[in-house]
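Residue-level listing of the chains:
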Amino acid sequence: MIKGNFPVQKFEQLNTPFYYYDMELLQTTLDTIKKATENKPIHIHYAVKANANPRILKEIATRGFGADCVSGNEILAALENGFPPDKIVFAGVGKSDREIQIGLDNNIFCFNAESIPELEVLNTHAAAKGKTAKVALRINPNIDAHTHKYITTGLTENKFGISRQHLPQTLKVINASPNLRLIGIHLHIGSQITDPQTFEDLCVKINELREWFGAQGIPLPVINAGGGLGINYRHPNHIPIAGFESHFRLFEKNLPLQEGQTLHFEPGRSIVAPCGTLITRVLFVKEGLRKKFLIVDAGMTDLIRPALYQAFHHIENITSDREPEPYDVAGPICESSDVFAEQIHLNNSTRGDLIAIRSAGAYGEIMASRYNCRDLPLSHFSDRL
Ligand SMILES: *Cc1c(COP(=O)(O)O)cnc(C)c1O
């Protein structure tokens, strides 16, 4: 079986489980994005929630990208790791007073506002500080992202964003708020989107909205199309970098920018998922009645995606060259959902073998918990092993 290229000898000396980050792949990915957006009115804000490991954040900030944050602490993490405040955007349906103040105190680029009451509170805080908060309206475009329901965010009966019907009322509130300045619109419809048609549908909605705002005499310098670009979880060795070029080209083609307009994206998963691997050790090979279980020392507390959204991760035994056999790969947590994969083929495995759970750089380490009083997973980096 084709396997990733891992420094197995070094891994043997490390305690498991841990996240291993391929920093060369991250750099190549960032270069790809840079090249695809150079000399274009495109701004990239990395979605910090996908992975807020300080080394990862620093690497992305060093390349001059901005940050998309969904909490006050994410804003602080972004600032601490080198993102300039004027490249930070702040989204989220439930911004607390403290979080709004963090944004205002640091003069972030833009609040992506998700409701009328949020706008009112934001105006009050901005007025108290004698500031003007720049705002983009997060609009719910009622588009099905055709992805798992837990990662779909753009349908009408979904907690995210302002619905189209509420826009006239929203504009009234903004007009009555001297400390808010509307600079654009924001649409993020979901995650792990692999069908380009979904993004074409999004462009149609954005064009309609742009016309509607234009008809009200409101210019929109910022068009923020959110994140959501999917990666290939099935073939991490063949397709290690997401289709950024065609993604940006699709928007350029379907969303011709007007004078003074810039296009903003908030990729999270597509930047960091491929470079991260969860390395875990086989504790026991357990014979079931009809199948074999590999019980490994990583569990859903280290990587919750399979348990939470039935997500698929490609898995490899990186220390065995024996003939493949079918296994269920399960963790040690006391939950039946603590299973990484069922009946997948892995090289014949024994106690102590190292297992690589691939494409785990996004929504992996950051979602780790201490359930069962477990330790949080460690992280190691390819350039500092
Ligand atoms: C989660 C999120 C993103 C990033 O989504 P990915 O699928 O990881 O690219 C971008 N913008 C907002 C507002 C988000 O909530």
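The shown structure was predicted, so the numbers you read here are calculated from the model rather than taken from an experiment.

Parameters at a glance
- Residues numbered from 1 in each chain as written.
- Predicted model: local features only at pLDDT ≥ 70, side-chain atom pairs only at ≥ 80, totals over all residues.
- Heavy atoms only, no water.
- Helix = DSSP H or I, 4+ residues; strand = E, 2+ residues; numbered from the N terminus.
- Buried < 20%, exposed > 50% of the residue type's maximum accessible area, 1.4 Å probe, protein only.
- Near = heavy atom within 4 Å.
- Polar contact = N/O pair within 3.5 Å; in protein donor to acceptor, adjacent residues only side chain to side chain.
- Areas by Shrake-Rupley, 256 points an atom, 1.4 Å probe, with all protein chains shown as cover.
- Contact = heavy atoms within 4.5 Å.
- Domains from an automatic or database assignment.
- Buried area = accessible area lost by both parts, 1.4 Å probe.
- Salt bridge = Lys/Arg side-chain N within 4 Å of Asp/Glu carboxyl O.
- Nonpolar A, V, L, I, M, F, W, Y, C, P; charged D, E, K, R; others polar.
- Phe/Tyr/Trp six-rings, centres within 6.5 Å; stacked < 30°, edge-to-face > 60°.
- Lys NZ or Arg CZ within 6 Å of the ring centre and 35° of its normal.
- Pairing = 2+ DSSP bridges.

**Things to note about unusual backbone geometry**
Excluding glycine, a negative phi dihedral is what most residues carry, and trans is how most peptide bonds are arranged.
Moving on, step 1. The residue after T16, namely P17, is reached through a cis peptide bond having omega -5°.
Moving on, step 2. Although it is not a glycine, N142 sits at a positive phi angle of roughly 55°.
Moving on, step 3. Structurally, the position occupied by N142 is in the loop between β6 (133-140) and β7 (162-163).
Moving on, step 4. Even without glycine at this site, Q192 takes up a positive phi of about 55°.
Moving on, step 5. Among the structural elements, Q192 can be located in the loop between β8 (180-186) and α8 (196-215).
Moving on, step 6. With relative accessibility at 15%, the residue Q192 sits in the buried group.

**A word on the site of the ligand**
Moving on, step 1. K49, S191, E266, R269 and Y363 are the nearest of the 15 residues found near the ligand.
Moving on, step 2. The contact in question runs from a nitrogen atom of the ligand to an N or O atom on the side chain of D68, over 3.1 Å.
Moving on, step 3. Residue E266 places a side-chain N or O atom 2.6 Å away from a nitrogen atom belonging to the ligand.
Moving on, step 4. In the complex, 95% of the free accessible area of the ligand, which totals 390 Å², lies under the protein chains.

**Here we look at the environment of V93**
Moving on, step 1. Here V93 lies in the loop between β4 (88-90) and α5 (97-105).
Moving on, step 2. Between the C-alpha atom of V93 and that of R138, which follows or precedes it by 45 residues, the distance is 9.6 Å.
Moving on, step 3. If we skip the residues at most four places from it in the chain, V93 touches E114, K159, F160 and G161.

**Focus on the domain arrangement of the chain**
Moving on, step 1. Its domain assignment divides the chain into domain 1 (8-18 + 275-381) and domain 2 (23-272).
Moving on, step 2. A straight line from the C-alpha centre of domain 1 to that of domain 2 covers 33 Å.
Moving on, step 3. Counting from both sides, the interface comprises 20 residues of domain 1 and, opposite them, 21 residues of domain 2.
Moving on, step 4. Area buried by domain 1 at its contact with domain 2 is led by C275, Y363 and F381, which between them contribute 35% of it.
Moving on, step 5. Put simply, domain 1 and domain 2 have zero salt bridges between them.
Moving on, step 6. Viewed at the interface, domain 2 and domain 1 are joined by seven residue pairs in polar contact (both at pLDDT 80 or more).
Moving on, step 7. Going through the elements one at a time, α11 (305-309) and β17 (378-381) are the ones with two or more residues in the side of domain 1 that touches domain 2.
Moving on, step 8. The greatest single-element share of the side of domain 1 that touches domain 2, amounting to three residues, is contributed by α11.
Moving on, step 9. In terms of residue class, the side of domain 1 that touches domain 2 is made up of eight nonpolar, eight polar and four charged.

**Let's talk about the packing of aromatic side chains**
Moving on, step 1. This structure, assessed with the given rule, holds 12 aromatic pairs.
Moving on, step 2. An angle of 80° between the planes, with centres 4.9 Å apart, marks the rings of F251 and F265 as edge-to-face. Taken as a pair, F251 in helix α9 (residues 244-254) and F265 in strand β10 (residues 262-265) lie far apart in primary sequence, 14 residues in all. Residue F251 shares its accessibility class with F265, and that shared class is buried.
Moving on, step 3. Its guanidinium or amino end placed over the ring of F65, K34 lies 4.9 Å from that ring's centre, counting from NZ or CZ.
Moving on, step 4. Of note, K95 hangs over the ring of F90, and the distance from its end group to the ring centre comes to 5.3 Å.

**Regarding the side chain of N112**
Moving on, step 1. Within the fold, N112 resides in strand β5 (residues 110-113).
Moving on, step 2. What makes N112 buried here is its relative accessible area of 1%.
Moving on, step 3. Aside from chain neighbours lying at most four places away, what touches N112 is V89, F90, A91, G92, K95, E118, A136, H186, N224 and E266.

**Looking at the pairing of strand β12 (residues 292-296)**
Moving on, step 1. For strand β11 (residues 276-287) and β12, the ladder comprises five bridges, and the chain directions are antiparallel. Looking at β12, one finds that F284 is bridged to I295.

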